[in-house]
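Listed below are the residues making up each chain.
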Amino acid sequence: MQEEHWSQKKEKASSVRPVKFTIMLVKILPHWMLALIAFIVGFFYFIFSSGARRDAKRYQLAVIDFCKKNNIPCPVKKVNTYRQILSFAICLIEKIEGWCGKSDLSHVVFHEDDVAELKQSLAQGKGAMLIGSHLGNMELFRSLAMEGQTGVGKMVGVTAIMDMKVTSSFNQAMSELNSKTYMDVVSSDSIGVDTVEVLQKRLEEGGLVVIAGDRTSANSPQRNIRLSFLGKEAEFPFGSFFLASILEAPVYFVFALRVKDITLKSRYDMYVKKSTVDFNCSRKEKKLRIEKLCSEFKCELEKYSCRHPYQWYNFFDFWRKSDEED
């Protein structure tokens, strides 16, 4: 039986109350105590969510096989789905801590990559587009930016593009916690000419536009880009990379990964890689460059997936083919 698309999966918390309770605990309890609670919650989720176990196992087997075939050191010696689910529970707590103002740059390790160029560009008032993923904590950079903690020396506006329907209860609770959380969020299913103009204005003002590059849309499966990911063909969202071609701003791939996958407290490695693709080209050439941009992102995602496989939070069949839906 063909599995449903990730965007059609129902949110686990149908009511906003349990989410609010979780947020309250995050606000008042120290991190080490929250991490211990995550171990318990993660265990119950592991026991009662056969789908999460199945998806984690499928992914880990793909990582093991890919690393073996390409002679890459692999942290996964044998399948451990609970470890991946627990990592997700800890990450969720750290996301909420970020929006509660409990995270700062002292917990982030920057590397000698393209982050210096990005910071310099932002300091000069030049905007950029960031493409992230659901590997690691995609929210970390945005929550730090909202608090003015980017290392740039001034406030940087961040506009995020995301699917608001899948986690509506969580989104509602988070917006009540911090009104800035979804002040500059654009729903992915409402992007049109007017939206693009708004995004271009944000970039001209020296802001950032953030979007995920690892989740396709159920509304336009024919526009997906198919590439080999971890040795098997997977689909990537054409729309995310097409938007980059329209905005014509510098594109950076950003990954925020916990240094230690499972620990009571860990720092984050922040990796920033600038794309080599520019869209100052003919319309005919643009489609090829869109695919090249997607391929560059895929390679970065593949690299860090092998380094931190337990921080993969796409709990669905990533290799599902949309043309098999019917």
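For the structure itself, look to the data block above.
The structure contained in this document is the topic of the report that follows. (Residues numbered from 1 in each chain as written. Predicted model: local features only at pLDDT ≥ 70, side-chain atom pairs only at ≥ 80, totals over all residues. Heavy atoms only, no water.)

## Here's the deal with the overall build of the protein
Part 1 of the reasoning: Scanning the protein from terminus to terminus reveals 10 helices and nine strands.
Part 2 of the reasoning: The buried share among the 326 residues of the protein stands at 50%.
Part 3 of the reasoning: At a minimum sequence separation of 6, the contacts of the protein that also span at least 24 residues come to 77%.
Part 4 of the reasoning: Taken as a whole, the protein presents about 15,900 Å² of accessible surface, with 54% of it coming from carbon and sulfur. (Helix = DSSP H or I, 4+ residues; strand = E, 2+ residues; numbered from the N terminus. Buried < 20%, exposed > 50% of the residue type's maximum accessible area, 1.4 Å probe, protein only. Contact = heavy atoms within 4.5 Å. Areas by Shrake-Rupley, 256 points an atom, 1.4 Å probe, with all protein chains shown as cover.)

## Considering the packing of helix H2 (residues 31–48) against helix H4 (residues 81–99)
Part 1 of the reasoning: Closest axis-to-axis distance for the H2/H4 pair is 8 Å, and the angle between their directions is 135°. By the angle between their axes, H2 is oblique relative to H4. When you trace H2 past H4, the crossing you get is right-handed. Counted together, His-31, Leu-34, Ala-38, Phe-39, Gly-42, Phe-43, Tyr-45 and Phe-46 of H2 and Thr-81, Tyr-82, Ile-85, Leu-86, Ala-89, Ile-90, Ile-93, Glu-94 and Glu-97 of H4 form the full contact between these two elements.
Part 2 of the reasoning: Here the residues of the contact of H2 with H4 are counted per class, giving 12 nonpolar, three polar and two charged. (Axes fitted to C-alpha atoms, helices over the stretch in contact; angles between N-to-C directions. Parallel < 35°, antiparallel > 145°, perpendicular 65-115°, else oblique. Left-handed = near helix turned anticlockwise from the far one by under 90°. Nonpolar A, V, L, I, M, F, W, Y, C, P; charged D, E, K, R; others polar.)

## Quick notes on the pattern of salt bridges
Part 1 of the reasoning: Using the criterion set out here, one finds 16 salt bridges in the structure.
Part 2 of the reasoning: The shortest N-O distance in the salt bridge between Glu-94 and Arg-258 comes to 3.2 Å. Pair noted here: Glu-94 is in helix H4 and Arg-258 is in strand E8 (residues 251–258), with a separation of 164 residues, a long-range link. Grouping residues by exposure puts Glu-94 and Arg-258 together as buried.
Part 3 of the reasoning: Across the pair Lys-273 and Glu-300 runs a salt bridge, and its minimum N-O distance is 3.5 Å. Of this pair, Lys-273 sits in strand E9 (residues 268–274) while Glu-300 sits in helix H10 (residues 283–307), and the two are 27 residues apart along the sequence. (Salt bridge = Lys/Arg side-chain N within 4 Å of Asp/Glu carboxyl O.)

## Some thoughts on the environment of Gln-311
Part 1 of the reasoning: By secondary structure assignment, the location of Gln-311 is in the segment after H10.
Part 2 of the reasoning: When its relative accessible area of 1% is taken as the criterion, Gln-311 is described as buried.
Part 3 of the reasoning: When neighbours within four sequence positions are excluded, Gln-311 is seen to be in contact with Ser-87, His-134, Leu-135, Gly-136, Leu-257, Arg-258 and Asp-261.
Part 4 of the reasoning: Within the structure, Gln-311 has its side chain in polar contact with the side chain of Asp-261 (distance 2.7 Å). (Polar contact = N/O pair within 3.5 Å; in protein donor to acceptor, adjacent residues only side chain to side chain.)

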